[in-house]
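# Architecture and fold: a report
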Amino acid sequence: MAAEVWDQLARAVLTDLDESHLLRHRSLITPINATHVLFEGREYVNFASNNYLGLTHHPQVIAATERALRRFGAGSAASPLITGYCPPHAAAEQHVARWKQAAAAVLLPSGYQANHAAVQTFAALAVKSGRRARFLLDKLCHASLIDAVRGSAMPFRIFPHNHLPKLERLLADAKTAELQVVVTESIFSMDGDAADLVGLAKLKMTHPFALLLDEAHATGVYGPAGSGLAAEMGLRELVDVAVITCSKALGCGGGIVCGSHAFCNSLVNLARAYIYSTHLPPAMAAAADAAITVMENEPLPRQRLNQIVRHVRSELAKGRWQVIAGSSPIVPLVVGSETAAFAAAQSLLSRGLLTFPIRPPTVPRGTSRLRITLSSGHTDDEIERLICSLRDAHKHA
Ligand code: PMP
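Reading guide: rules and limits
- Residues numbered from 1 in each chain as written.
- Predicted model: local features only at pLDDT ≥ 70, side-chain atom pairs only at ≥ 80, totals over all residues.
- Pairing = 2+ DSSP bridges.
- Helix = DSSP H or I, 4+ residues; strand = E, 2+ residues; numbered from the N terminus.
- Near = placed C-beta within 6 Å.
- Nonpolar A, V, L, I, M, F, W, Y, C, P; charged D, E, K, R; others polar.
- Axes fitted to C-alpha atoms, helices over the stretch in contact; angles between N-to-C directions.
- Parallel < 35°, antiparallel > 145°, perpendicular 65-115°, else oblique.
- Left-handed = near helix turned anticlockwise from the far one by under 90°.
- Contact = placed C-beta atoms within 7 Å.

### As for the sheet that holds strand S3 (residues 42–46)
The 4 strands lie next to each other as S1-S2-S3-S13, forming an open sheet whose pairing is mixed. Single-partner strands in this sheet number two, and they are strand S1 (29–31) and strand S13 (353–354). When S3 meets S13, the two strands line up parallel, connected through 2 bridges. In the sheet register, Val45 faces S13, and the bridge partner there is Leu353.

The following block contains the structure:
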């Protein structure tokens, strides 16, 4: 039977992954609050989530979600061009546009889809207008951007991570492409470092391109009211299209594309990732809206987060861990092999601290790492426990 063949293939591939220490399992995690979880019957401090401001459990976010759930139901039950577009979606989009100082914003069911929709819009606009265009993509871009670009009708080139001289050569050597779209992230998800936005702004003066910037991990962390790294650096104008996810600092779910009215209207008309998917549940739109209000009204958690980040990074710099430099709450400790990353995570686990080893194919082979993420909700005591445990873990490694 055909199914039997596929089962044999599956078993062989899984055995292969297991033997190379690359087999993945889902861990069953029960959140207790924004920074603590139950895992295999024991309580841990969570240093592995992207809940940078602890907004998953903020009373105002929860109350807004509950109100919308009762008023609008559990799901949106149709795609946005049928009957899935509800008042909470419209309200959240307007709020996001004001907060990001963008002309318009479109909400989608996830950040993954938002990146696909943004890329599909560029590609569809180029095809429909008969213009030759191409994407230029940073090598460390998130899988959602890579998949979207690969699956689009537009050619693309990849430039080495943050290598602006190479990007400049590509921009200058457009050959047949009349239009170029640079695709990058303001904070890279696995390295926690930043794109060189100042360098990109300089490049843009001499080589015209459109910039698609994924602000997933900068949102809530940088800029006025957490509106992102471009805003923090006074470079909002540099960004033509910004993508954010509501699944990280905003503590809920969904993705958002911000851009001009014409771009956002084109997305609604042309992007298959938007058109052919049931819309984000209205209660999630209300949650995102409330999370942004909290970020606008409460600057202290963001300040505390940045203070924790500086402290942890400077303490780890004194030790022997290979920490990828940066200023973000994603602190990757590169250990090399998959087994070393696994052992480091186990050592923290034995001290009540939850982190996950990040292994290929998520990161290049030989750069397996412990990806520690910090949250404003971590107490001083928990931060000291993390630092001491890492010191000890290294001594015994
Ligand atoms: N972009 C980046 C940089 C990400 O890290 C992620 C999530 N891992 C996404 C996009 C996708 O967002 P979502 O989880 O909301 O689909």
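### Examining the site of the ligand
Taken together, 14 residues form the shell around the ligand, and within it Ser110, Gly111, Tyr112, Ser189 and Thr245 come nearest. If one sorts the elements of the shell around the ligand by residue count, helix H4 (residues 111–128) sits on top with 3 residues. Residues of the shell around the ligand, tallied by class, amount to 2 nonpolar, 10 polar and 2 charged.

### Digging into the packing of helix H2 (residues 59–72) against helix H11 (residues 282–297)
Where H2 meets H11, the closest approach of the two axes is 8 Å, and the angle between their N-to-C directions is 155 degrees. As far as their axial angle goes, H11 and H2 are roughly antiparallel. The interaxial crossing formed by H2 with H11 has right-handed handedness. The residues of H11 that touch H2, namely those facing Gln60, Val61, Ala64, Thr65, Arg67, Ala68, Leu69 and Phe72, are Pro282, Ala283, Ala286, Ala287, Asp289, Ala290, Ala291 and Val294. Looking at the contact of H2 with H11, its residues break down into 12 nonpolar, 2 polar and 2 charged.

### Here we look at the packing of H4 against helix H5 (residues 143–150)
Put simply, H4 and H5 touch, their axes get as near as 9 Å, and they point 35 degrees apart. When you trace H4 past H5, the crossing you get is right-handed. For the pair H4 and H5, the contacting residues are Gly111, Tyr112, Asn115, His116, Val119 and Gln120 in the first and Ser144, Leu145, Ala148 and Val149 in the second. Classifying every residue of the contact of H4 with H5 by side-chain character gives 5 nonpolar, 5 polar and no charged.

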